[in-house]
Amino acid sequence: MGNISISVIGAGSWGTALSILLANNGYKVNLWVYEKNLSDKIKETRENNLFLPGFNLSKDIYPTSSLNEAIGTNKIILLVIPTKFVRSISSQLAPLLNLNSLVINAGKGIEINSLLTIRQILEETLPKTCKLATLSGPTFALEIAQGMPSAIVAASDSKKTALLIQSIFSCHHLKVFIS
């Protein structure tokens, strides 16, 4: 773990909670915050008072409002953004991604105009060299941030990829199943 850095794209309550979990699991996290003023505030206070107030963010979480900075050299990208912004943001991400990046979608929903799932949008907008996976389950941001027992599913076309995601997110309070 130590040197592995993960990009979390989206600093709402779910993205922030997953960033906390990843930092607690020993990863460095580049957290992309859409709102520059919120990014600056999180850097200053070490708290996302807008979307997940009351939780101190580890020094291993690096907030930034720059997508380029958020991606850097990272090859593991966690997308945690509202469905209506997936096409736009994934299109902006596409040229920034490193070869053979793993893009894990942790959002839910269907694009209104096209009726496509998030995965289908990502297949259209991201380079074909990307591996795609999904993280989903009956979990709540607040419970993950509080360390309450929870379960989630890591789904991928590749068992190896699903097992990698399981190893990244598993901890004493989060059971990660694979599919």
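The coordinates are above.
Residues numbered from 1 in each chain as written. Predicted model: local features only at pLDDT ≥ 70, side-chain atom pairs only at ≥ 80, totals over all residues. Heavy atoms only, no water.

Chemist: Please explain the layout of surface pockets as it appears in this structure.
Modeler: Unoccupied space between atoms shows up once a probe the size of one water molecule is rolled over them. Space inside the largest pocket adds up to approximately 480 Å³. Lining the largest pocket are 23 residues, with G10, V80, I81, P82 and F85 positioned closest to its centre. Those elements that provide at least two residues to the lining of the largest pocket are α1 (13–24) and α4 (83–93). It is α4 that contributes the most residues to the lining of the largest pocket, four residues altogether. In the lining of the largest pocket, the residues fall into 14 nonpolar, seven polar and two charged. (1 Å grid on protein atoms, 1.4 Å probe; cavity = no way out; pocket = protein on both sides within 12 Å on 5 of 7 lines; lining within 4 Å. Points joined across faces, edges and corners; volume = space filled by probe spheres on them. Helix = DSSP H or I, 4+ residues; strand = E, 2+ residues; numbered from the N terminus. Nonpolar A, V, L, I, M, F, W, Y, C, P; charged D, E, K, R; others polar.)

Chemist: Would you take a moment to explain unusual backbone geometry for this structure?
Modeler: Excluding glycine, a negative phi dihedral is what most residues carry, and trans is how most peptide bonds are arranged. Unusually for a residue other than glycine, N100 sits at a positive phi of about 60 degrees. Here N100 lies in the loop between α4 and β5 (102–105). The backbone of L115 sits at a positive phi, close to 65 degrees, despite the residue not being glycine. Inspection of the secondary structure puts L115 in the loop between β5 and α5 (118–125). Residue classification places L115 among the exposed positions, given a relative accessible area of 63%. (Buried < 20%, exposed > 50% of the residue type's maximum accessible area, 1.4 Å probe, protein only.)

Chemist: What is the right way to read α4 from this model?
Modeler: Owing to its 3.6 residues per turn, the α-helix aligns residues three or four sequence positions apart on the same side. What α4 keeps buried is the set T83, V86, I89, S90 and L93. For α4, the arc enclosing every buried residue in end-on projection is 105 degrees, short of the 170-degree limit, so these residues lie on one face. (Arc of directions from axis to C-beta.)

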